[in-house]
Amino acid sequence: MQRLVFVLAYPFIWLISIVPFWLLYRFSDVVYVLVYRLIGYRKKVVRSNLQLIFPERSQMERRQIEKTFFKHMCDMFLEMVKTMNLSKTEIAKRYRIKNMDMIQRLEKEKSILVVCSHYASWEWNMSMNNYVTSKGYAVYQRITNPYFDNWARKVRAKWNTTLITQKETVKTIVRNKQQGITGIFGMVSDQSPQAHRAHYWAEFMGIKVPVINGAETLARKLGLAVVFLKVSKTGRGHYEAEFLPITENGKETEKNEITDCFLRLAEQQIKENPAYYLWTHKRWKHRGKTPAAFATEQQTKSEQA
């Protein structure tokens with residue numbers, strides 16, 4: 001059945017990947033009407049999130065953010081499919097990196113963790129690997145359908161990127177280090193972990209939630225450099241990226257320092273233009289459930305500050 005689903009979907013995927021961008025976005029306009037106005041995909045989740053995070057804004061302002069978000073989400077999904085037949089020349093025109101020299105300098109010395117949030121275009125972030133000599137990796141969650149998973153791996157491979165799961169990350173970094181190989185590991189780090197498995201709770205957009213601190217754990221253990229990838233949408237189908245330093249040596253940081261820095265940078269990015277964050281994600285579903293140990297720890301930090 002999984003193979004049948006892929007076989008039936010593939011012609012449509014291929015067709016989308018070869019149409020010119022102007023037609024791609026006309027189709028996206030149609031998808032927006034279906035997803036937002038007719039189906040109402042996760043509209044309640046988006047409205048709840050926006051009300052929670054921006055209570056000071058008027059309902060009209062939040063509705064405008066909501067509509068812009070859904071239009072962007074439809075564009076981004078089709079851009080992901082378009083990647084299948086997107087040339088390096090074309091992606092360079094549409095995804096511009098302001099300070100690639102920072103990564104090119106760091107990669108001469110060690111492996112790098114590039115952390116980002118679900119903002120703007122995390123799919124095209126992988127095109128950064130076209131400009132480095134190190135091997136590029138993207139940490140992802142394996143797709144349930146093995147045929148779509150294999151397709152995704154092949155598409156990312158064109159950007160000098162290998163997909164690895166979270167469980168494979170540590171052994172990949174250690175193996176590379178033993179062989180004298182540097183790698184650049186991209187991680188989307190704003191997901192919501194299961195509350196009972198969270199090792200750290202912190203405020204994100206003013207609300208305390210469990211956070212993933214896998215990047216920090218790796219960086220502090222292995223002495224990796226960590227940078228935040230800030231992406232801005234400059235126009236329809238056009239993005240500008242900038243690397244912001246967090247640390248050049250994770251071993252020299254304090255506990256939770258990397259994670260807290262990431263959260264602050266992610267917040268700043270969202271506040272600058274909220275419409276391009278992934279509001280369909282139930283990021284704050286565990287609010288109000290902070291374990292006593294973390295509540296006490298945060299209170300102590302506040303008193304010390």
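This text gives an overview of the structure that appears in the document. Given the structure is predicted, the values throughout are model-derived calculations rather than measurements. (Residues numbered from 1 in each chain as written. Predicted model: local features only at pLDDT ≥ 70, side-chain atom pairs only at ≥ 80, totals over all residues. Heavy atoms only, no water.)

1. Digging into helix α9 (residues 214-222)
All of the buried residues in α9 are Gly214, Ala215, Glu216, Leu218, Ala219 and Leu222. Considering only its buried residues, α9 is in contact with β2 (112-116), α8 (166-178), β5 (183-188), β8 (225-235) and α10 (257-272). Note on α9: the residue one or two positions beyond its end, glycine 223, has a positive phi of about 70 degrees. (Buried < 20%, exposed > 50% of the residue type's maximum accessible area, 1.4 Å probe, protein only. Helix = DSSP H or I, 4+ residues; strand = E, 2+ residues; numbered from the N terminus. Contact = heavy atoms within 4.5 Å.)

2. So, the pattern of salt bridges
As a working rule, side chains carrying opposite charge can pair if their charged atoms are close by. The final tally for this structure, using the stated rule, is 14 salt bridges. Where glutamate 267 meets arginine 264, a salt bridge forms, and the shortest distance between an N and an O atom there is 2.8 Å. In this pair, glutamate 267 and arginine 264 are both assigned in helix α10, 3 residues apart and thus about one turn of the helix distant. Taking relative accessible area as the criterion, glutamate 267 reaches 8% and is therefore assigned buried. Each of the salt bridges in this network shares a partner with another, and the network as a whole consists of Arg26, Asp29, Asp75, Lys233 and Arg236. (Salt bridge = Lys/Arg side-chain N within 4 Å of Asp/Glu carboxyl O.)

3. Things to note about the packing of helix α3 (residues 43-53) against helix α4 (residues 59-82)
Axis separation between α3 and α4 bottoms out at 10 Å; the angle between their running directions is 135 degrees. Relative to α4, the element α3 lies oblique. For the pair α3 and α4, the crossing hand works out as right-handed. Only Arg62, Arg63, Ile65, Glu66, Phe69 and Phe70 of α4 make contact with α3, whose side of the interface consists of Lys43, Val46, Arg47, Leu50 and Gln51. Per-class residue counts for the contact of α3 with α4 are 5 nonpolar, 1 polar and 5 charged. (Axes fitted to C-alpha atoms, helices over the stretch in contact; angles between N-to-C directions. Parallel < 35°, antiparallel > 145°, perpendicular 65-115°, else oblique. Left-handed = near helix turned anticlockwise from the far one by under 90°. Nonpolar A, V, L, I, M, F, W, Y, C, P; charged D, E, K, R; others polar.)

4. What about the side chain of asparagine 145?
Looking at where asparagine 145 falls in the secondary structure, it is placed in the loop between β3 (135-139) and α7 (146-157). At a separation of 2.9 Å, a polar atom in the side chain of asparagine 145 contacts the main-chain amide nitrogen of tyrosine 147. (Polar contact = N/O pair within 3.5 Å; in protein donor to acceptor, adjacent residues only side chain to side chain.)

5. Some thoughts on α3
When α3 is considered as a whole, its buried residues turn out to be Lys43, Val45, Val46, Asn49, Leu50 and Ile53. Summarising the axial view, the buried residues of α3 lie within an arc of 160 degrees, below the 170-degree limit, and thus occupy one face. Structurally, α3 contributes buried residues whose contacts are with α2 (21-39), α4 and β7 (207-210). (Arc of directions from axis to C-beta.)

6. A word on the packing of aromatic side chains
Enumeration according to the criterion identifies 18 aromatic pairs in this entry. Judged by centre distance (5.6 Å) and plane angle (45 degrees), the ring pair of phenylalanine 6 and tyrosine 10 falls under tilted. Residue phenylalanine 6 and its partner tyrosine 10 are located together in helix α1 (residues 2-18), separated by 4 residues, close to a single helical turn. Exposure remark for tyrosine 10: the relative accessible area of 30% places this residue in the partly exposed category. Among the aromatic residues, those joined into a cluster by ring pairs are Phe54, Phe204, Tyr277, Trp279 and Trp284. Positioned above the aromatic ring of tyrosine 36, the side-chain terminus of lysine 43 is 4.2 Å from the ring centre. One cation-aromatic arrangement involves arginine 94 over phenylalanine 21; the distance from NZ or CZ to the ring centre is 3.5 Å. (Phe/Tyr/Trp six-rings, centres within 6.5 Å; stacked < 30°, edge-to-face > 60°. Lys NZ or Arg CZ within 6 Å of the ring centre and 35° of its normal.)

7. Points about the sheet that holds β8
Strand order in the open sheet formed by 7 strands is β1-β9-β8-β2-β5-β3-β4, and the pairing between neighbours is mixed. In this open sheet, the two edge strands, each paired with only one partner strand, are β1 (95-97) and β4 (161-164). Each adjacent strand pair in this sheet contributes to an overall mean axis angle of 30 degrees, direction not counted. Examined bridge by bridge, β2 and β5 share 5 bridges and lie parallel to one another. Opposite valine 114, over in β5, you have glycine 186 as the bridge partner. Running over the sheet, α9 touches β2, β5 and β8 and is turned about 160 degrees from β2. Packing against the sheet, α10 makes contact with β2, β8 and β9 (238-247), and its axis sits at approximately 5 degrees to β8. (Pairing = 2+ DSSP bridges.)

That's the geometry; what it means functionally is another story.
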